[in-house]
Each structure stands twice: as structure tokens, then as C-alpha cells.
Amino acid sequence: QVQLVESGGGLVQAGDSLRLSCAASGLTFSNYAMGWFRQAPGKEREFVAAISWSGGTTSYADFIKGRFTISRDNAKNTVYLQMNSLKPEDTAVYYCAAQRYSNSVNVFESGRYNSWGQGTQVTVSS
């Protein structure tokens, strides 16, 4: 079965950096676009970033563009989220998700993803 396992979260101070990893198994990794979402306390789950099967196309939420970078290593079945200049408002549980390619791929819509990880907590203090 498909399994996505996030790691790399933790407690950091504002301005620090973290690198999240998502290791995938049970799927043909290159057949899936990969995305990162996050959910903060009292907030709805929101899109953070996504990457195409080849890594040639990336998408970012406007508010984090320039601070975060998504990448993938298909040889390792792993997607990464490099987070720099972290802010307290970045505090959330970060989820990795996989969306199989079809004729209606939409990386921005959480409901269109096929599989989800359990999440990793990122806490940014002032």
C-alpha cells in the first residue's frame, strides 16, 4: 500500500531554517505530482508547494514564495521542502501528499490528492 512518511520538523526560532523530507513507498513515484500542505491550529488546511513528476515545474503559495523551495529525488522516492526565514505564522503540521496524473490534475486542491502522510510538526517561536 502507499505510504508517505514525513520527517524533519521541529522547534526553531524565527529566522531559522528547516528541511522537511517525505519518503514514499508503494507507488510509482514518477507517476505522481507531489505536494506539501499545512494546517495550523484553528485554520483550514492550506496549499504550500507542489512539484511535477520530473521536477521541472513547481508551484508555490504566494505568501511563502521566495522562502521555501520544493524539490524531489525520484531515485530516492523522496520529496523535500526547504524552509528558510521561518516565521511564527509558519507554525503548523506539514503534510506530504501524492496526486496521480490524470487529465484533470490540480495540485492546489487538497481533495484531488490520492495519498497523505501523517504530518510533521513545525513550531516557530518568536
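Here, the structure is the one placed above.
Everything in this summary refers to the structure shown in the same document. Small disclaimer: the values here were computed from a predicted structure and weren't measured.

### Quick word on the sheet that holds strand 7 (residues 68–73)
Reading across from one edge, 1-3-8-7 is the order of the 4 strands in this open sheet, with antiparallel pairing throughout. The sheet is open, and its two edges are formed by strand 1 (3–7) and strand 7, each paired on a single side. Each adjacent strand pair in this sheet contributes to an overall mean axis angle of 15°, direction not counted. As defined by bridge partners, strand 3 (residues 18–25) adjoins strand 8 (residues 78–83) across 6 bridges and the pair is classed as antiparallel. When the sheet's bridge partners are listed, Ala 23 is paired in strand 8 with Thr 78.

### Considerations on the nonpolar core
Core analysis: the biggest nonpolar cluster contains 36 residues, and Met 34, Trp 36, Val 79, Leu 81, Met 83 and Tyr 94 have the highest contact counts within it. Elements with a minimum of two residues in this core: strand 3, strand 4 (32–39), strand 5 (46–51), strand 7, strand 8, strand 9 (92–100) and strand 11 (120–125). Beyond its immediate stretch of four places on either side in the chain, Val 79 contacts Leu 20, Ser 21, Cys 22, Phe 29, Met 34, Trp 36, Ile 51, Ile 70, Ser 71, Arg 72 and Cys 96.

### A few points about the side chain of Thr 120
Inspection of the secondary structure puts Thr 120 in strand 11. Here Gly 9 takes part through its backbone nitrogen, which lies 3.2 Å from a polar atom of the side chain of Thr 120. If we ignore the near neighbours within four places in the chain, the residues touching Thr 120 are Glu 6, Ser 7, Gly 8, Gly 9, Leu 20, Ala 92, Val 93 and Tyr 94.

What counts as what
- Residues numbered from 1 in each chain as written.
- Predicted model: local features only at pLDDT ≥ 70, side-chain atom pairs only at ≥ 80, totals over all residues.
- Heavy atoms only, no water.
- Pairing = 2+ DSSP bridges.
- Helix = DSSP H or I, 4+ residues; strand = E, 2+ residues; numbered from the N terminus.
- Axes fitted to C-alpha atoms, helices over the stretch in contact; angles between N-to-C directions.
- Core = buried A, V, L, I, M, F, W, Y, C linked by side-chain atoms within 4.5 Å.
- Buried < 20%, exposed > 50% of the residue type's maximum accessible area, 1.4 Å probe, protein only.
- Contact = heavy atoms within 4.5 Å.
- Polar contact = N/O pair within 3.5 Å; in protein donor to acceptor, adjacent residues only side chain to side chain.

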